[in-house]
Amino acid sequence: MPIRAGKDALIGVGLAFTAGFVDAAAFIALTGLFTAHVTGNFVLIGAELVSTSTGVLAKLLALPMFILAVAVTRLIALALERRGSPPLRPLLALEATVLIAFAIAGVAMSPLGSPDGAKAIGVGMLGVAAMGIQNGIGRLVIGHLAATTVMTVNVTQAVIDVTDRLCGAKLDEQVSTRLRRTLSAVAAFAAGALAGAFGIAALSFWCVLVPAFVLIGLLMVPDRRSGS
């Protein structure tokens, strides 16, 4: 159990850092495009339609691209499971590959020009696809861990658990483990977001290689045999 818990912790922290990094870097470089949680784009679409700014098309296209990425992730996971192969490492490798493509395309096509231009949309959809894959991984393979892409649920659950503890409730081992996972995911996402913001400012799209290398490092963490 301690070994598995350590592996789970590495996977959860690594993926949360990756999501925070990519979301912040893409948001800055692609004029407010959210890649890790596409629902944020709906809010921005409304704001931009009212203010008659640009970038609406990319945000509209983010949803079908996200759906496609999740569907492909599911199909790959099903194919691997039918063969008796754990899907985690192949899916992490796929996400890392898409992130590398995101970085290379961003560098090659810069300056991207208009947020609704073909270059900006093409690059942005690669980022959305990578995060769609990660969201799929979160639901299909590591559902026992805290969410790694959207922190609202994690923060809510952490506040509930901390409040219970402060009120004197005895937290069992399962709740304590959940609290550690949610807090570590939130901290890793925040650290990733800071690193992504500074990284895109200093290194442009080359910085996206950092979360890609994080995923490559996670490939060294063996799959959980049970439930995957």
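Numbers given for residues are sequential positions, taken from 1 along each chain in its written order. Since the coordinates come from a predicted model, pLDDT governs what is reported: local features require at least 70, and pairs of side-chain atoms require 80 or more to be given and counted, while whole-chain, interface and lining totals use all residues. Note that water and hydrogens are dropped before the side-chain values are worked out from all heavy atoms of the structure.

## A word on unusual backbone geometry
No. 1: The amide bond that connects Ser110 to the next residue, Pro111, takes the cis arrangement and shows omega of -5°.
No. 2: Where helices and strands are cited, they refer to DSSP runs of H or I of at least four residues and of E of at least two residues respectively, numbered from the N terminus. With respect to the helices, strands and loops of the structure, Pro111 is situated in the loop between α4 (88–109) and α5 (118–140).
No. 3: Phi angles above zero are rare outside glycine, and Thr31 is one such case at about 55°.
No. 4: Relative to the helices and strands, Thr31 resides in the loop between α1 (2–29) and α2 (39–51).
No. 5: Partly exposed residues are those whose accessible area sits between 20% and 50% of the maximum for their type, while under 20% is buried and over 50% is exposed, using a 1.4 Å probe and protein chains only. Classification of Thr31 as partly exposed rests on a relative accessible area of 40%.

## Points about the packing of aromatic side chains
No. 1: Ring pairs shown here join Phe, Tyr and Trp side chains whose ring centres sit within 6.5 Å, with only the six-membered ring taken for Trp; geometry is labelled stacked below 30 degrees between planes, edge-to-face above 60, and tilted in between. Within the structure shown, the criterion is met by three aromatic pairs.
No. 2: With a centroid separation of 5.0 Å and an interplanar angle of 40°, the aromatic rings of Phe27 and Phe34 are classed as tilted.
No. 3: With relative accessibility at 33%, the residue Phe27 sits in the partly exposed group.
No. 4: Since its relative accessible area comes to 19%, Phe34 is described here as buried.

## Here we look at the environment of Pro64
No. 1: Position of Pro64 among the secondary structure elements: in helix α3 (residues 56–82).
No. 2: Distance from Pro64 to Ala129, taken between C-alpha atoms, is 9.8 Å for residues 65 residues apart in sequence.

## Regarding the side chain of Asp23
No. 1: Position of Asp23 among the secondary structure elements: in helix α1.
No. 2: Notably, Asp23 is buried but unbridged: the nearest opposite-charge side chain belongs to Lys59, and the N-O separation is 11 Å.
No. 3: N or O atoms within 3.5 Å of each other form a polar contact, as long as, within protein, one can give a hydrogen and the other can take it, and as long as residues adjacent in sequence are counted only when both atoms are side-chain atoms. For Asp23, the side chain forms a polar contact with the main-chain nitrogen of Thr35, separated by 2.8 Å.
No. 4: What makes two residues a contact is simply this: any of their non-hydrogen atoms within 4.5 Å. Sequence-distant contacts of Asp23, defined by excluding residues within four places in its chain, comprise Leu33, Phe34, Thr35, Ala36, His37 and Phe189. Counted as positive: Lys and Arg. Counted as negative: Asp and Glu. His and the chain ends are not counted at all. Counted as salt bridges are all cases of a side-chain nitrogen of Lys or Arg within 4 Å of a carboxyl oxygen of Asp or Glu.

## Describing the packing of α3 against α4
No. 1: In the contact formed by α3 and α4, the axes pass within 10 Å of each other and the chain directions differ by 150°. In this structure, the crossing between α3 and α4 has a hand that is right-handed. Along its contact with α3, which presents Thr73, Ile76, Ala77 and Leu80, the element α4 presents Pro90, Leu91 and Leu94.
No. 2: A breakdown of the residues in the contact of α3 with α4 according to their chemical character gives six nonpolar, one polar and no charged. Angles here are taken between N-to-C directions and fall from 0 to 180 degrees, while the axes themselves are lines fitted to C-alpha atoms, restricted in helices to the stretch in contact. When the near helix sits turned anticlockwise from the far one by under a right angle, the crossing is termed left-handed; a clockwise turn instead gives a right-handed crossing. Residue type decides the class: Asp, Glu, Lys and Arg count as charged, Ala, Val, Leu, Ile, Met, Phe, Trp, Tyr, Cys and Pro as nonpolar, and the leftover types, Gly among them, as polar.

## Details of the nonpolar core
No. 1: Here, nonpolar core refers to any group of buried Ala, Val, Leu, Ile, Met, Phe, Trp, Tyr and Cys residues whose side-chain atoms link them within 4.5 Å. Membership of the largest hydrophobic core comes to 54 residues, with the highest contact counts inside it found for Leu15, Leu99, Phe102, Ile137, Ile142 and Phe205.
No. 2: Elements that contribute at least two residues to this core include exactly α1, α3, α4, α5, α7 (173–203) and α8 (209–218).
No. 3: A per-element tally of this core places α5 first, with ten residues.
No. 4: Aside from chain neighbours lying at most four places away, what touches Leu99 is Thr18, Val22, Ala130, Val208, Pro211, Ala212 and Leu215.

## Considering the pattern of salt bridges
No. 1: Within the structure shown, the criterion is met by three salt bridges.
No. 2: Between Arg181 and Asp8 there is a salt bridge, with its nearest N and O atoms 3.4 Å apart. A residue pair is termed long-range when its members are at least 10 positions apart, and Arg181 in helix α7 and Asp8 in helix α1 qualify at 173 residues.
No. 3: The exposure class of Asp8 is buried, given its relative accessible area of 4%.
No. 4: With a shortest N-O distance of 2.8 Å, Asp161 and Arg178 are connected by a salt bridge. Taken together, the positions of Asp161 in helix α6 (residues 152–166) and Arg178 in helix α7 put the pair 17 residues apart, joining distant regions of the chain.
No. 5: Given the relative accessible area of 2%, Asp161 is considered buried.

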